[in-house]
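Residues per chain are reported as follows:
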Amino acid sequence: MSVASRVGEDIILRRSTSIAGKRSVLTKFAWVVALCVVFVAVLAPLLAWHQPIVCKYQGTYDFPAVVDTVRQIPVLGSYLEKSKPFRFPTFDARKTLDPDSFAIWPPIPFGPIELMADANLSSSRAHWLGTDDRGRDVLARLIHGTRVSVRVGLYSMLLAGAIGIVVGAVAGFFGGMCDWVCSRFIEIVMCFPAFFLILAVMAWIGEGLTGVILVIGFTQWTSIARLVRAEVVRGREADFVMAARSYGASNTHILIRHLLPGALGPAVVAMTFGVADAILLEAGLSWVGVWRSVADAFVGLDAA
Amino acid sequence: MWRYFLKRVLLTVPTFVGVILLTFVVIHLAPGSPATADDAGLGDSGMSAVEHQRLRAHYQMDAPLHVQLARWTARAVRLDFGRSFANGRPVSQIIAERIKPTLLLTFGTILIALVLAIVIASFLATRCGRPIDKLILTGCVGLYAVPPYIVGLLLIWIFGVWLNWFPFAGLTSDEFSSMTTWRKIADLAGHSVLIGLCFVGPLLAYLIPFIRASLLSVLKEDYVRAAHAKGLSTRRVMFGHVLPNALLPLLTVLGLIVPAVMGGSVVLEVMFSWPGMGRLLYESIGRRDYPVIMGMTIVSAVIVLLVTLVVDLLYAWADPRVRYV
Amino acid sequence: MTNTRDRDTLLQIRDLRVRYDQAAADTLDRVSLSIKRQEAVALLGDSGCGKTTLALAMMRLLPNGAMVSGSIELRDGDYATPIELTRLAEDRLREVRGKRMAMLFQSPQRSLNPVLRIGSQIEEVIRVHTNVRRADARLKAIQSLTRVGITDPERIIRAWPHELSGGMAQRIGLAITLAGQPDLLIADEPTSSLDANAKAQVVELLRKPRRTMGMAILLITHDWTIARALADRVCVMDGNRIVEDRQPEEFEAHNIHPAARRLIDASNRRLRIAVTNGDDVR
């Protein structure tokens, strides 16, 4: 690897210590905000949905918004796949059909895709942030948009982290020719301005949330790989690795038990920053129009 | 030292070859093989069969893979990317027109941000822990968290539309060609202000805390204390001893910033109708103008490659400790 | 206080108190110390007892925010008027640092700037205190390197700090401090990071300029053997104050302060271990 990058291996880490490293009010604030975003993303249908949270209709209780929330959790959701979508009648129809019925609605009783009567409404009691050009509730779209952002951020960084850790560990641990090839590969991918490469790839493979996640994951792993490589190289020379060798530990044992734990810390820090970068990239991509706006993608996912 | 320089320059060759290979792989990510080209199996990409045929013809995809690769490499090395699908002009010519505004923007704003950040960070480092230090640092974190295009929209709205202080569309005014030289410069500068701010702001938010941290760690070093003990003036200690050490890591950061800024230019150039590479990329994607897209991807990578090379050479020149690695 | 004693005194510290933090305890607690011209004083003490703080206070190199009270007077040449260092303006202070008082730091490698050649780091101190041209400064730098026993100064002057061994770097450090021909050299643990061989050489080098240049030395150390080898007078610090101030021979007596006894015993014990291991003891 080039001299400057070799010396600057810890630059990304330094960035974390210089910006977020301080245990200050700011850090706590940031944590609260981040948790709120994840909370909103996970519970989106409980906050804004076109179906009630709890309802009783014609003698049976149902929880359509809760069911829809669970349905969107990856593994768990597949068990509920068979249950039919519940359609709750509108207020007037319901009262005439069943006077005993009741419903508790989410705070925002609109989904992100339901077309309201009027487009381009300004904010009101019913639509807190108004409606967009196609008459959809903006706040509901915002809430469900965080889902997409969080999903893109987390999944793409899990992918990037996996690639980065493997490439970095292999390069750092085996050294020599292997290191040279891996380092060149890292350098090559780093040569492309991220947005240029992503846009180019997106232009070929087309739209879709999975595409966005894959492309971001496959391009944003380089800094993680460099950090892991640097840590592993440093650790390889350490006394405790010498000691492990002296009592006959195998290469894999040394790599997994002694070197990777030390390298994971920096990798996780880089991944945390990567989540933010990925969300920004995703927003930029949708802004440029390579793929449709966030809530549409959500719709696409829902349909799939 | 010269041996290292030569070695480092030669090292760009495999990287450049890698860049070409990677773009080749990207092209072959296109859906559909010759067998399925006639089917409607291209639905995902939104590519029509006609477009697909034209693409296959352009990249001569019917030839064996190694022949394709050889042709692609031979052309890429000469920076010959064929002709644009949209208007039939040579891609290299189109890129050449659009590269100047982007380079002006990228390197101009990086330079301004560097100078400002060094001055502000030096100011803060000597006032570590005071209210002004905390205030600016917090501001940096806040600014860092805001996406540049939000900054752009705000700036356009406040200074462009509301106050109407600066123009916010394009590189120059319509009557540019009839202006005197000084007016031309002023016109160009006026058009650059808002978009420039969108670049400089986030750069400052990133650079100030970084340089400040670097300065603080150097200020703690024994050799700084030793320099004071020699009887040197504060200025001489700062310029002779502290800054040369504190700015070394900045060189490396420079290698990371250039691709980030170039990548970020796409959204902002579109927003400000800046006739640069980012906007060209945006337009080309809208038109599915694949030769231009791929040409631009390679050119941008080559620019970054060259910047990294220069940064590395500068580093080796500036830091004696890593010279003969 | 008689006139003759006054004229002999180079530096007089009275009731010096230093604390780094409003809330913290004193790092130096009413320390008084005087150093005569050409005298070698050793300041002996455990780590963390405030020795280095005293040295930094004398050079006015304490970090910002440190609170200092008391006085440090430097007698100026033949004149009777002393300079009060604790209240000296920054520009006057620069004339004192490096020229009247110089300081040799603990870790020689780290007190050299890694991105500057050795030559320019020596020339710097010469040029800032004497009005000489670049070429003359270089000559003087070479002289001062020869003075610390470096045989090939022309090569060393173009070397980078990272190319030097610890012992070599400490010689360079000494050359830098001697280049300004100071009246007082403060050496802060100059040997603690060196091996036995380099240690002996540095002690020897510290002895020589004292004879030839008439320089006073304040040697800060935790090592009794070095203190005794070099010093006319040994001050022992314990618990942030000076508890003993005698000539080295007097420490043989039994009624010395327990801290002094402990330090002396520690170095004797080290000596014994070394002897029983059959090592060559310096």
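Calculation notes
- Residues numbered from 1 in each chain as written.
- Chains lettered and ligands numbered in written order.
- Predicted model: local features only at pLDDT ≥ 70, side-chain atom pairs only at ≥ 80, totals over all residues.
- Heavy atoms only, no water.
- Salt bridge = Lys/Arg side-chain N within 4 Å of Asp/Glu carboxyl O.
- Helix = DSSP H or I, 4+ residues; strand = E, 2+ residues; numbered from the N terminus.
- Buried < 20%, exposed > 50% of the residue type's maximum accessible area, 1.4 Å probe, protein only.
- Phe/Tyr/Trp six-rings, centres within 6.5 Å; stacked < 30°, edge-to-face > 60°.
- Contact = heavy atoms within 4.5 Å.
- Pairing = 2+ DSSP bridges.
- Axes fitted to C-alpha atoms, helices over the stretch in contact; angles between N-to-C directions.
- Buried area = accessible area lost by both parts, 1.4 Å probe.
- Polar contact = N/O pair within 3.5 Å; in protein donor to acceptor, adjacent residues only side chain to side chain.
- Nonpolar A, V, L, I, M, F, W, Y, C, P; charged D, E, K, R; others polar.
- Expected span 1.5 Å × (residues − 1).
- Core = buried A, V, L, I, M, F, W, Y, C linked by side-chain atoms within 4.5 Å.
- Arc of directions from axis to C-beta.
- pLDDT = per-residue confidence, 0-100.

(A) Main features of the pattern of salt bridges. Evaluation of the coordinates by the stated rule reveals 31 salt bridges over all chains. For Arg212 of chain B, the salt bridge is made with Asp133 of chain B, and the minimal N-O distance between the two is 2.8 Å. Highlighted residues: Arg212 of chain B in helix α7 (residues 181-219) and Asp133 of chain B in helix α5 (residues 131-145), separated in sequence by 79 residues. Take Arg212 of chain B and Asp133 of chain B: they sit in the same class, and that class is buried. Where Asp183 of chain C meets Arg100 of chain C, a salt bridge forms, and the shortest distance between an N and an O atom there is 2.6 Å. Highlighted residues: Asp183 of chain C in the loop between α7 (166-179) and β7 (184-188) and Arg100 of chain C in the loop between α3 (90-96) and β6 (101-104), separated in sequence by 83 residues. Asp183 of chain C sits in the partly exposed class, given a relative accessible area of 25%. Here the residues in one salt-bridge network are Arg98, Arg279 and Glu283 of chain B, joined through shared partners.

(B) Looking closely at the packing of aromatic side chains. Residue and element names in this part refer to chain B. Tallied over the full model, the rule gives five aromatic pairs over all chains. Here the aromatic rings of Tyr206 and Phe210 are separated by 6.5 Å at their centres, their planes lie at 25°, and the arrangement is stacked. Here the residue Tyr206 and the residue Phe210 both occupy positions in helix α7, the gap between them amounting to four residues, near one helical turn. The same class applies to Tyr206 and to Phe210, which are both buried. Put simply, the rings of Trp2, Tyr4 and Phe5 pair up and form one aromatic cluster.

(C) Spotlight on the environment of Thr23 of chain B. In this fold, Thr23 of chain B is placed in helix α1 (residues 2-27). If sequence neighbours within four positions are ignored, Thr23 of chain B has contacts with Phe192 of chain A together with Trp72, Met294, Thr297 and Ile298 of chain B.

(D) Broad picture of the sheet that holds strand β4 (residues 67-75) of chain C. Residues and elements named next belong to chain C. Taken in spatial order, the four strands make up an open sheet running β2-β1-β4-β5, and their pairing is antiparallel. Each of the sheet's edge strands pairs with one partner strand only, and the pair in question is β2 (28-36) and β5 (82-84). Between one strand axis and the next, the sheet turns through 10° on average, direction left out of account. Inspection of the sheet shows strand β1 (residues 9-19) paired to β4 by seven bridges, in the antiparallel sense. Bridge assignment links Leu11 to a residue of β4, and that residue is Leu74. On the sheet, helix α2 (residues 51-59) packs against β1, β2 and β4 and is oriented at approximately 115° with respect to β1.

(E) Quick look at the interface of chain C and chain B. At the interface, 27 residues of chain C touch 23 residues of chain B. Counting each side, the surface lost to burial between chain C and chain B is near 2200 Å², with a carbon and sulfur contribution of 58%. Across the chain C-chain B interface, the total number found is two salt bridges. With a closest N to O distance of 4.0 Å, Arg110 of chain C and Asp222 of chain B form a salt bridge. Linking chain C with chain B are nine residue pairs in polar contact (both at pLDDT 80 or more). At the level of secondary structure, the elements contributing two or more residues to the side of chain C that touches chain B comprise α2, α3, β6 and α4 (118-129) of chain C. Ranked by the residues each element gives to the side of chain C that touches chain B, the list is headed by α4 of chain C, at five residues. Split into classes, the residues belonging to the side of chain C that touches chain B amount to 15 nonpolar, seven polar and five charged.

(F) Region of interest: helix α12 (residues 222-236) of chain A. Taking 1.5 Å of rise per residue, 15 residues should cover 21 Å, and α12 of chain A covers 21 Å from first to last C-alpha, within 8% of that figure. Within α12 of chain A the residues assigned to the buried category are Thr222, Ile224, Ala225, Arg226, Leu227, Val228, Arg229, Ala230, Glu231, Val232 and Gly235 of chain A.

(G) Inspection of the nonpolar core at higher detail. With 143 residues, the main nonpolar core has Ile224 and Val228 of chain A together with Tyr59, Leu207 and Leu215 of chain B as its most contacted residues. Top element by residues in this core is α7 of chain B. It accounts for 16 residues. The contact partners of Ile224 of chain A, leaving out residues within four places of it in the chain, are Met157, Ala160, Gly161, Gly164, Ile165, Ala267, Ala270 and Met271 of chain A. Core analysis: the second largest hydrophobic core is formed by 50 residues, Val202, Leu205, Trp224 and Val234 of chain C among them.

(H) Main features of the sheet that holds strand β2 (residues 60-62) of chain A. All names here are of chain A. Spatial strand order, β2-β1-β3: three strands in an open sheet with antiparallel pairing. Edge strands, defined here as strands with exactly one partner in the open sheet, are β2 and β3 (102-104). Put simply, the sheet's adjacent strands are angled 15° from each other on average, direction ignored. Pairing of strand β1 (residues 54-57) with β3, which is carried by three bridges, proceeds in the antiparallel orientation. Counted as the bridge partner of Lys56 is Phe102 from β3.

(I) Highlighting α5 of chain B. Residue and element names in this part refer to chain B. For α5, built from 15 residues, the straight-helix expectation of 21 Å at 1.5 Å per residue is met to within 8% by its first-to-last C-alpha distance of 21 Å. Turning to α5, its buried residues number three or more, namely Asp133, Leu137 and Cys140. Within α5, the buried residues cover an arc of 55° as seen down the axis, which keeps them to one side. For α5, the exposed residues lying more than 90 degrees away from the buried face are Pro131, Leu135 and Ala145. Lining the buried residues of α5 we find α4 (91-125) and α7.

(J) Here's a closer look at the confidence of the model for chain A. Residues and elements named next belong to chain A. On average, residues of chain A carry a pLDDT of 73, and 67% of them reach 70 or more. By mean pLDDT, the top-scoring element of chain A is helix α9 (residues 176-191) (90), and the lowest-scoring one is helix α15 (residues 294-303) (38). Predicted confidence for residues 1-22 stays below pLDDT 50, and this span has 66 contacts to residues more than four positions away or in other chains. Here residues 293-304 is modelled with pLDDT under 50, and outside its nearest four sequence neighbours on either side it reaches 21 contacts, counting other chains as well.

(K) Molecular detail of the environment of Phe29 of chain A. Residue and element names in this part refer to chain A. Within the secondary structure, Phe29 sits in helix α3 (residues 25-42). A residue is classified by how much of its surface remains accessible, and Phe29, at 56% relative accessible area, is exposed. Between the C-alpha atoms of Phe29 and Leu154, which are 125 residues apart in sequence, the distance is 20 Å.

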